[in-house]
Amino acid sequence: MSAADVVVIVAAVVGLAGLGWFFFGPRRARAAELAGGVQRIGVTVKGGYSPEVIRLRQGVPAELVFDRQESGDCTSRVVFPELAVSAALPAYEKTTVRLNPAAAGEFGFACGMNMIHGRLIVEQAAGAAAAEQARGGEPGACAACAVPAADGAGAADAEAAQAAERQAEIADLRRRVIVGAVLTLPVLFAVMAHEVFKAGWVPGVLLDHWVQLALITPVMFYSGWPIHRTGWLALSHRSADMNSLITLGTVAAYGYSVAVTFAPSLLPAGVRGVYFETTGVILTLILLGRLIETRAKAGTGQAIRELLGLQARTARVIRGGVEAEIPVEQVVIGDEVVIRPGEKIPVDAVVLSGSSAVDESMVTGEPMPVTKRAGDAVVGATINGTGSLRVRAAKVGSDTVLAQIVKMVQQAQASKAPIQRLADAVSGSSCLGLLRSRSRRSPFGSSWARRRHSPWRWCPRSLC
């Protein structure tokens, strides 16, 4: 083995070790600042969360100010699954998410599509361990953490803002797809006809490397810019996803083809082929799929706005023997509500007195009204018929059936297909961390606990 071989091997080992540390090394946690009895911290959202690991104090209300400096569906929502918190993040705006870290532990958060992740570390307050054990609570439990979702006009405004963002993204993607298709098709047609079908009538100008370079370069740097931007940002945040995989592949294919075009003599004669058509086809098809996906989500957003429009804005509540009309957001559980003929039922409730036919087609799809009497349950946003009802509020705000329907639609809208999650997991090599967790004895007692507290808990069970 020559000295040059030794140098190459050592450089490769050092490079792999550096990459391993970069992607799988420990993340530095940033503590929230305590002021006025509230701990606050700003989180920049741009291809990832910065800081990615946040340290909070147990029992002190927290405010996380998300400064989203990008657009697109990927980071349009932040979800704290273990804390039952989900919040929309408008593009290029700051959004405050309020939490009440009542229990110590580690709690993950992610974007709506589960592509980028962060972690909350709630440090246990002094003397809180014994109290928590006395309550019988689990370390992962977090009581009274949930922040109610926006209701009424607030939710409608948030959805309208997301709809405007999607329309702008659709217009931008449409332009990039058209440019990619127009410039890629001639190169793809010429290469396929010449290489696969051995056609001799293909114009030689389309097979010229310089012409292909001129046609595909705009596809690489203009059409593919959203993919490259997301991919490199993910890598800069020490993670990887499908965009990173596409970026690395197309950059390798384009870079190699440029090297062959500019300096073919540097390479052996048998490996002087170019891959410009591969670069153009991959980027154009990925953008086309993203355009179709965004258009489908825009249609779902319209359905959400229509659902929100069904909700009543006010309610007639009896308090202290006096009937008063108040905003529906101010109705609390246990309030007695009077519903006149033809009005919408403001919240989920139980009938106390009266009898009327209620149109529940928006919930059940059944066109025939259902007669409601004392003791029957009624659903918010359904329409009262000809009779009057007096009901007692049973569910309000984000607990109503309508709010749950909207939430499920939003979750389906923001979720990724299983094959997309699989591609992201493989691209990010997230399961490599499992080797690390198995290489030493874990201080946690069960596989569930190891997974919960491990920094590699995002690895899918189907792969790990």
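Whatever comes next refers back to the structure up there.
Residues numbered from 1 in each chain as written. Predicted model: local features only at pLDDT ≥ 70, side-chain atom pairs only at ≥ 80, totals over all residues. Heavy atoms only, no water.

If you trace the six strands from one edge of the open sheet to the other, you get β13-β12-β14-β20-β15-β18, paired in antiparallel fashion. The sheet is open, and its two edges are formed by β13 (322-327) and β18 (377-378), each paired on a single side. (Pairing = 2+ DSSP bridges. Helix = DSSP H or I, 4+ residues; strand = E, 2+ residues; numbered from the N terminus.)

Turning to the packing of aromatic side chains, a few remarks are in order. For the structure on display, the rule yields ten aromatic pairs. With 5.1 Å between their ring centres and 55 degrees between their planes, Tyr49 and Phe109 make a pair best called tilted. Here Tyr49, found in strand β4 (residues 49-50), pairs with Phe109, found in strand β10 (residues 105-111); they are 60 residues apart in sequence, far enough to count as distant. No difference in accessibility class separates Tyr49 from Phe109, as the two residues are buried. Each ring, one from Tyr256 and one from Tyr275, has its centre 6.0 Å from the other, and the planes form 45 degrees; the classification is tilted. Of the two residues, Tyr256 is situated in helix α7 (residues 242-262) and Tyr275 in the loop between α7 and α8 (276-309); the sequence distance between them amounts to 19 residues. An aromatic cluster of three or more residues is present, and its members are Tyr49, Phe66, Phe80 and Phe109. (Phe/Tyr/Trp six-rings, centres within 6.5 Å; stacked < 30°, edge-to-face > 60°. Buried < 20%, exposed > 50% of the residue type's maximum accessible area, 1.4 Å probe, protein only.)

Spatial ordering of the open sheet is given by β1-β5-β11-β10-β7-β8, a layout of six strands whose pairing is mixed. Only two strands of the sheet have a single partner each, and these edge strands are β1 (29-31) and β8 (85-88). Ignoring which end each strand starts from, the neighbouring axes of this sheet average 25 degrees apart. Across four bridges, strand β7 (residues 77-80) lies against β8 in antiparallel orientation. Directly across from Val78, in β8, lies its bridge partner Ala87. (Axes fitted to C-alpha atoms, helices over the stretch in contact; angles between N-to-C directions.)

This paragraph deals with the nonpolar core. Soluble globular proteins tend to bury their nonpolar side chains together. Of all hydrophobic cores here, the largest spans 26 residues; its most connected members are Tyr49, Leu64, Phe66, Val78, Phe80 and Leu120. When contributions to this core are tallied by element, the ones reaching two or more residues are β3 (38-45), β5 (53-57), β6 (62-68), β7, β8, β9 (93-99), β10 and β11 (117-123). Not counting residues within four places of it along the chain, the set of residues in contact with Leu64 comprises Ile41, Ile54, Phe80, Thr95, Thr96, Val97, Leu99 and Leu120. Of all hydrophobic cores here, the second largest spans 20 residues; its members include Val177, Ile216, Val260 and Leu291. (Core = buried A, V, L, I, M, F, W, Y, C linked by side-chain atoms within 4.5 Å. Contact = heavy atoms within 4.5 Å.)

When you line up the elements, Gln330 lands in the loop between β13 and β14 (336-339). Residues Gln330 and Val396, 66 residues apart in the sequence, show an inter-C-alpha distance of 9.1 Å.

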